[in-house]
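Here's the letter readout for the chains.
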Amino acid sequence: MEPAAGRAGGLAVKRIRQLKRMWWRLSVAAGFAVAEHARNRFALVLAVFYIPFWLAMEHWFVDPAPVRFLLRTTGHQVTVDGNRLTMVSGAINAVTLIVGFMMFMTTYKSRAFDRRLVLAGYPRVPLLIAKVTAMVLAATATAAYATAVICWYWDPVRPVLLAAGVFTAAVGYGGIGIALGAFLRSELEGLFVIIMTSLLDTMLQNPVSNPSANKDGVQFLPGYGPTQVSVAAGFTATTPYGQLLLGPVWFAAMWLLATAAFRLRTRDHRHAPHGVPG
């Protein structure tokens, strides 16, 4: 009995040490990821100044005439203030640009460093989780800030749900930024793709800029779920639970794609048999 108890105690101690080691590695990796975002001064300036500037321009210049918006979770069209609707779309556009750009830059710039870390023996999992942690922090901060700016101009029906909708948009584009950072070869390419994707995404779903926004097909856009949630939160008492998950689904799909590329890029070819790729 005593030897068995001793082995069990030894395994428990070993497990605790492994967990502590993993937590330390994750903390270090997350610290580096957050520090990388903090050094991205252009993204920080965008977050602080672009969001209020963009929403102020829309508040001042967009016609407040009523428009019809299709809430697909209920199948009904609701009449909303065009000015306020455009501010919701503008908030989504702003946070997707900022978080998508931040995640692209940190992924793009850290590719070579991450590969050296993995080949030197650093586990992949903490590096991947650290990027997600930094993205969640950035998405939370930008979504809360954008929602606060909206609330400065008018009172959404449910500001907390509105913030959640904007957050899911940031998360979805954070995943897109990670995927682009894993594949594209220049900063200009990533910036162009993120800008054009976000602008087209929000423009096509806003009936102010696109009178045919209720056509089928917009459901496949990355910002569809967040837009439905945010508009429902701003103007109605409806909660589109299914659409609330679409932003995270986009993130998961892009993150898995980037993770596969990361694993292939960090494979150690030194121990492969001669003539056989590792």
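Residues numbered from 1 in each chain as written. Predicted model: local features only at pLDDT ≥ 70, side-chain atom pairs only at ≥ 80, totals over all residues. Heavy atoms only, no water.

J.: What is the right way to look at the nonpolar core in this model?
T.: In a soluble, globular protein the nonpolar side chains are often hidden away together inside. Among the nonpolar cores identified, the biggest contains 43 residues, and Ile-51, Leu-55 and Phe-69 are the most heavily contacted of them. Elements represented by at least two residues in this core include exactly α2 (41-61), β1 (66-71), β2 (76-81), α3 (82-109), α5 (124-153), α6 (159-183), α8 (224-235) and α10 (246-265). Ranked by residues supplied to this core, first place goes to α3 with eleven residues. Ignoring any residue separated from it by four or fewer positions in sequence, one finds Ile-51 in contact with Leu-46, Ala-94, Val-95, Ile-98, Thr-142, Tyr-145, Ala-146 and Val-149. (Core = buried A, V, L, I, M, F, W, Y, C linked by side-chain atoms within 4.5 Å. Buried < 20%, exposed > 50% of the residue type's maximum accessible area, 1.4 Å probe, protein only. Helix = DSSP H or I, 4+ residues; strand = E, 2+ residues; numbered from the N terminus. Contact = heavy atoms within 4.5 Å.)

J.: Whenever I open this one, the packing of α6 against helix α7 (residues 187-205) confuses me. Can you help?
T.: A pair of packed helices can be characterised by two numbers: the angle between their axes and the separation between those axes. Relative orientation of the contacting elements α6 and α7 amounts to 150°, with a least axis distance of 10 Å. The orientation of α6 relative to α7 falls into the category roughly antiparallel. Pair α6 / α7 crosses with right-handed handedness. Within the contact between the two elements, α6 uses Tyr-173, Gly-177 and Leu-180 and α7 uses Gly-190, Val-193, Ile-194, Thr-197, Ser-198 and Asp-201. The residue inventory of the contact of α6 with α7, partitioned by class, reads four nonpolar, four polar and one charged. (Axes fitted to C-alpha atoms, helices over the stretch in contact; angles between N-to-C directions. Parallel < 35°, antiparallel > 145°, perpendicular 65-115°, else oblique. Left-handed = near helix turned anticlockwise from the far one by under 90°. Nonpolar A, V, L, I, M, F, W, Y, C, P; charged D, E, K, R; others polar.)

J.: Looking at this structure, how should I read the pattern of salt bridges?
T.: In total, this model carries one salt bridge according to the counting rule given. Arg-72 is the partner of Asp-216 in a salt bridge, and the nearest nitrogen-oxygen pair spans 3.3 Å. Taken together, the positions of Asp-216 in the loop between α7 and α8 and Arg-72 in the loop between β1 and β2 put the pair 144 residues apart, joining distant regions of the chain. Residue classification places Asp-216 among the exposed residues on the basis of a relative accessible area of 69%. (Salt bridge = Lys/Arg side-chain N within 4 Å of Asp/Glu carboxyl O.)

J.: In this structure, what is going on with α6? I would like to understand it.
T.: An α-helix turns once every 3.6 residues. As a result, residues three or four positions apart point the same way. Counted at 1.5 Å a residue, the expected span for α6 with its 25 residues is 36 Å, and the 36 Å between its end C-alpha atoms agrees. For α6, a buried count of 20 out of 25 residues is recorded, marking the element as mostly surrounded by other parts of the structure. (Expected span 1.5 Å × (residues − 1).)

J.: For this particular structure, what's the right way to read α7?
T.: Taking 1.5 Å per residue, 19 residues should reach 27 Å; α7 reaches 28 Å between its end C-alpha atoms and fits that length. Among the residues making up α7, those that are buried are Gly-190, Ile-194, Ser-198, Asp-201, Thr-202 and Gln-205. Angular distribution of buried residues about the axis of α7 spans 85°; they occupy a single face of the element. Seen from the buried face of α7, the exposed residues on the opposite side, beyond 90 degrees, are Leu-188 and Phe-192. Looking at the buried side of α7, the elements it contacts are β1, α3, α6 and α8. (Arc of directions from axis to C-beta.)

J.: What exactly am I supposed to notice about a nonpolar patch on the surface here?
T.: On the surface, Phe-192, Ile-195, Met-196, Leu-199, Leu-200, Met-203 and Leu-204 cluster together into a nonpolar patch covering about 580 Å² of accessible area. Structurally, the position occupied by Leu-200 is in helix α7. Note on Leu-200: relative accessible area 42%, which makes it partly exposed. (Patch = residues over 30% accessible without salt bridge, like charges linked within 9 Å, V, L, I, M, F, W, Y side chains within 5 Å. Areas by Shrake-Rupley, 256 points an atom, 1.4 Å probe, with all protein chains shown as cover.)

J.: Sorry if this is basic, but what is going on with the side chain of Glu-58 here?
T.: Its place among the elements puts Glu-58 in helix α2. Once residues lying within four places of it in the same chain are set aside, the contact partners of Glu-58 are Asn-83, Thr-86, Met-87 and Gly-90.

J.: Sorry, what's going on with the packing of aromatic side chains here?
T.: For any two aromatic rings, the description comes down to two numbers: the centre-to-centre distance and the angle of the planes. One pass over the full model with this rule turns up four aromatic pairs. When the centroid spacing of 5.5 Å and the interplanar angle of 20° are considered together, the rings of Phe-104 and Tyr-108 count as stacked. You can see Phe-104 and its partner Tyr-108 sitting in helix α3, four residues apart, about one turn around the helix. With respect to class, Phe-104 is no different from Tyr-108; both count as buried. Relative to Phe-235, the ring of Trp-154 lies with its centre 5.3 Å away and its plane at 20°, an arrangement referred to as stacked. Highlighted residues: Trp-154 in the loop between α5 and α6 and Phe-235 in helix α8, separated in sequence by 81 residues. (Phe/Tyr/Trp six-rings, centres within 6.5 Å; stacked < 30°, edge-to-face > 60°.)

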